[in-house]
Amino acid sequence: VGIISALVAALRHKDEEVRRLAAMAAANIAVYEGNQVQMVTDGVLAPVNDLLKSGNEDIELQAARCLAYLSQHEDNKVQIARDVGIAHFIQLARSRTQDVQILAATCLANLSTVRGVSASWG
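Remember, predicted model here, so these are calculated numbers, not experimental data. (Residues numbered from 1 in each chain as written. Predicted model: local features only at pLDDT ≥ 70, side-chain atom pairs only at ≥ 80, totals over all residues. Heavy atoms only, no water.)

**Q** Can you walk me through helix H8 (residues 98-111) in this structure?
**A** One turn of an α-helix holds 3.6 residues; hence residues three or four places apart share an orientation. Between its terminal C-alpha atoms H8 stretches 20 Å, which fits the 20 Å expected from 14 residues at 1.5 Å a residue. Those residues of H8 that sit buried are Val100, Leu103, Ala104, Cys107, Leu108, Asn110 and Leu111. On an axial view of H8, the arc spanned by its buried residues comes to 165°, and they lie on one face. Where the residues of H8 are buried, they touch helix H5 (57-70), helix H6 (74-83) and helix H7 (86-92). (Helix = DSSP H or I, 4+ residues; strand = E, 2+ residues; numbered from the N terminus. Expected span 1.5 Å × (residues − 1). Buried < 20%, exposed > 50% of the residue type's maximum accessible area, 1.4 Å probe, protein only. Arc of directions from axis to C-beta. Contact = heavy atoms within 4.5 Å.)

Take a look at the structure:
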């Protein structure tokens, strides 16, 4: 089992502290461009997207940080827009915390460069 597969499992763990630490690890690993496409390919998007709705501010912050890094890579942008959804980032931009708002705006800025994505913002 590779590190990213193990991370995906930890992001889905029943224990909130495990999920928090996994989200932090995912965000830290996503900093490196060489990991970004592999993370998306190995299924990080679905559990990270779920964590954005966890109700735990720290988990939501780390999940948003992870997506902000992943959305920098051209090869990930269309899949993130499709799987996470532009509307979800717009909703996050209205978050109760400024840090999550900034990260959501970063994702929107990154995804706005994809042809046809910004046209769907309505």
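Don't stop here, the text continues.
**Q** Can you help me understand the packing of H5 against H8 in this one?
**A** A pair of packed helices is characterised by two quantities: the angle between their axes and the separation of those axes. Contact geometry of H5 with H8 gives a least axis separation of 9 Å together with a crossing angle of 20°. What the angle tells us is that H5 and H8 run roughly parallel. As H5 runs across H8, the sense of the crossing is left-handed. Between H5 and H8, the residues in contact are Glu60, Leu61, Ala64, Arg65, Leu67 and Ala68 and Asp99, Val100, Leu103, Thr106, Cys107 and Asn110, respectively. Here the residues of the contact of H5 with H8 sort into seven nonpolar, two polar and three charged. (Axes fitted to C-alpha atoms, helices over the stretch in contact; angles between N-to-C directions. Parallel < 35°, antiparallel > 145°, perpendicular 65-115°, else oblique. Left-handed = near helix turned anticlockwise from the far one by under 90°. Nonpolar A, V, L, I, M, F, W, Y, C, P; charged D, E, K, R; others polar.)

**Q** Would you mind going over the nonpolar core with me for this structure?
**A** The tendency in soluble globular proteins is for nonpolar side chains to be buried side by side. The biggest cluster of nonpolar side chains holds 36 residues, and the ones touching the most others in it are Leu11, Met39, Val44, Cys66, Leu67, Leu70 and Phe89. Mapped onto this core, the elements with two or more residues apiece are helix H1 (3-11), helix H2 (16-30), helix H3 (33-41), helix H4 (45-51), H5, H6, H7 and H8. With seven residues, the top contributor of residues to this core is H5. If sequence neighbours within four positions are ignored, Leu67 has contacts with Leu45, Val48, Leu52, Val84, Phe89 and Cys107. (Core = buried A, V, L, I, M, F, W, Y, C linked by side-chain atoms within 4.5 Å.)

**Q** How should I be thinking about the environment of Gln36 in this particular structure?
**A** For Gln36, the position within the fold is in helix H3. By relative accessible area, which is 2% here, Gln36 ends up buried. Note: C-alpha distance between Gln36 and His73 (37 residues apart in sequence) is 6.8 Å. In this view, Gln36 contacts Ala30, Val31, Tyr69, Leu70, Gln72, His73 and Asn76; residues no more than four positions away in its chain are not counted.

**Q** What should I look at first to understand the side chain of Lys77 in this one?
**A** With respect to the helices, strands and loops of the structure, Lys77 is situated in helix H6. A polar contact is formed between the side chain of Lys77 and the backbone oxygen of Asn110, at a distance of 3.1 Å. A polar atom in the side chain of Lys77 sits 2.8 Å from the side chain of Thr113. When residues no more than four places from it in sequence are discounted, the contact partners of Lys77 are Ser71, Gln72, Asn110, Leu111, Thr113 and Val114. (Polar contact = N/O pair within 3.5 Å; in protein donor to acceptor, adjacent residues only side chain to side chain.)

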